[in-house]
Amino acid sequence: MLKFVIRRLLALPVIVFFVTLILFALILLLPPEQRVLVYMPSGNPHLSEEEYEALIQLQIKRHGLDQPVHVQYVRWIRELISDEWGWSPAWRQSVLDGLRQRAPVTLEVVLYASVPAILLSVLMGTAAARSNGRLPDHAVRAATFVAWAFPPFILALMMMNVFYAWLDWFPPERLSIWANRIVGADEFQMYTGMMTIDAALNGRFDVVIDALRHLVLPSVTLAVGVWALLTRIMRASLLDVMHHDFITTARAKGLPEATVVSRHARRNAILPVISAGGVVTSLLITGVVIVEVLFNLNGVGRWAINGIVQTDVPVAVGFSLFSCIAVVLASLLADILYAVADPRVRIF
């Protein structure tokens, strides 16, 4: 098992290298006159058109944008690392600092969305497969079809109208005003940046409850699509496994049907669900952008959208790199979990 994990970890830098190549190739689609705008000072009211053009050419020379492609790539990587993923003119900070500040918000929403979605998908996919062709199966299939087809932003707006504007149960943003005052006090210690965990570590369980109230709607919005996809995968996989010979053998031994499903069928059927980790991560990253904008959460997705609207190229590159690394790490974790569930893959 250890050798399997080491092989996967050694492949990680190679994958990240190819990701940077792809990102750099996309950047090269822009001419140097547009790429250099990242390095230009904002606002030049006293420069004539000729002086501004001369300044552009000077910046192109200074940053090597007229050099051969391989030279530009090496320089870009060096600047990416030394400048903490570049400087964001829109946010007036390095991209890496911006990611550090806002990633806990995104991670908290993703955590509270993905864990319940995965657990529910395994349970409901199993229930649907066991009642194949009957009413519970039809109900689960219909629910997953609607959930998968329903646009997330429409679902978010509908839930805000009902549960916030009408019932006032689950407000948007991250915390209420009174909770923000507590968190902003000097005696409140920040450990992880995730509000539910930090509030619990500070012994402020009233803030924990308030943070959970604010997380319900964004987490549900983000979880619906993931739940629908994984439930359908789990159902189809379990139906296939239930026809294998080892299931027939287990039934012939007189084992109860619940034992056959839980101990023999489900462990094999869950493998496709695990292998979908990379796809699920992509869904979560795409969905979290919508969720953070709609619910006014200051996370990585909203930060990236605002930067892109302001033509902040370093932010766009940083968010793309962050997303790619997240998908790669999720795929690595899925490979490890797959090896735990099915030891046969460790020999490859």
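Below is a summary of the structure that appears in this document.

About the cut-offs
- Residues numbered from 1 in each chain as written.
- Predicted model: local features only at pLDDT ≥ 70, side-chain atom pairs only at ≥ 80, totals over all residues.
- Heavy atoms only, no water.
- Helix = DSSP H or I, 4+ residues; strand = E, 2+ residues; numbered from the N terminus.
- Buried < 20%, exposed > 50% of the residue type's maximum accessible area, 1.4 Å probe, protein only.
- Polar contact = N/O pair within 3.5 Å; in protein donor to acceptor, adjacent residues only side chain to side chain.
- Contact = heavy atoms within 4.5 Å.
- Phe/Tyr/Trp six-rings, centres within 6.5 Å; stacked < 30°, edge-to-face > 60°.

### Overview of the side chain of T126
- By the secondary structure assignment, T126 is in helix α5 (residues 95-130).
- The class for T126 is buried, based on a relative accessible area of 5%.
- Only 2.6 Å separates the side chain of T126 from the backbone oxygen of V122, close enough to count as a polar contact.
- Once residues lying within four places of it in the same chain are set aside, the contact partners of T126 are S121, M234, L238, V261 and R266.

### Focus on the packing of aromatic side chains
- According to the stated counting rule, one finds eight aromatic pairs in the structure shown.
- Aromatic side chains F24 and Y73 sit 5.5 Å apart centroid to centroid with 70° between the ring planes, which places their arrangement in the edge-to-face category. Here F24 is found in helix α1 (residues 2-28), whereas its partner Y73 is found in helix α4 (residues 69-82), with 49 residues between them in sequence. We note that F24, like Y73, is buried.
- Note on W169 and F170: the rings are 6.3 Å apart at their centroids and 80° apart in plane angle, and the pair reads as edge-to-face.
- We classify W169 as partly exposed; its relative accessible area is 46%.
- Grouping aromatic residues by their ring pairs yields a cluster made of F17, F18, F24, Y73 and W76.

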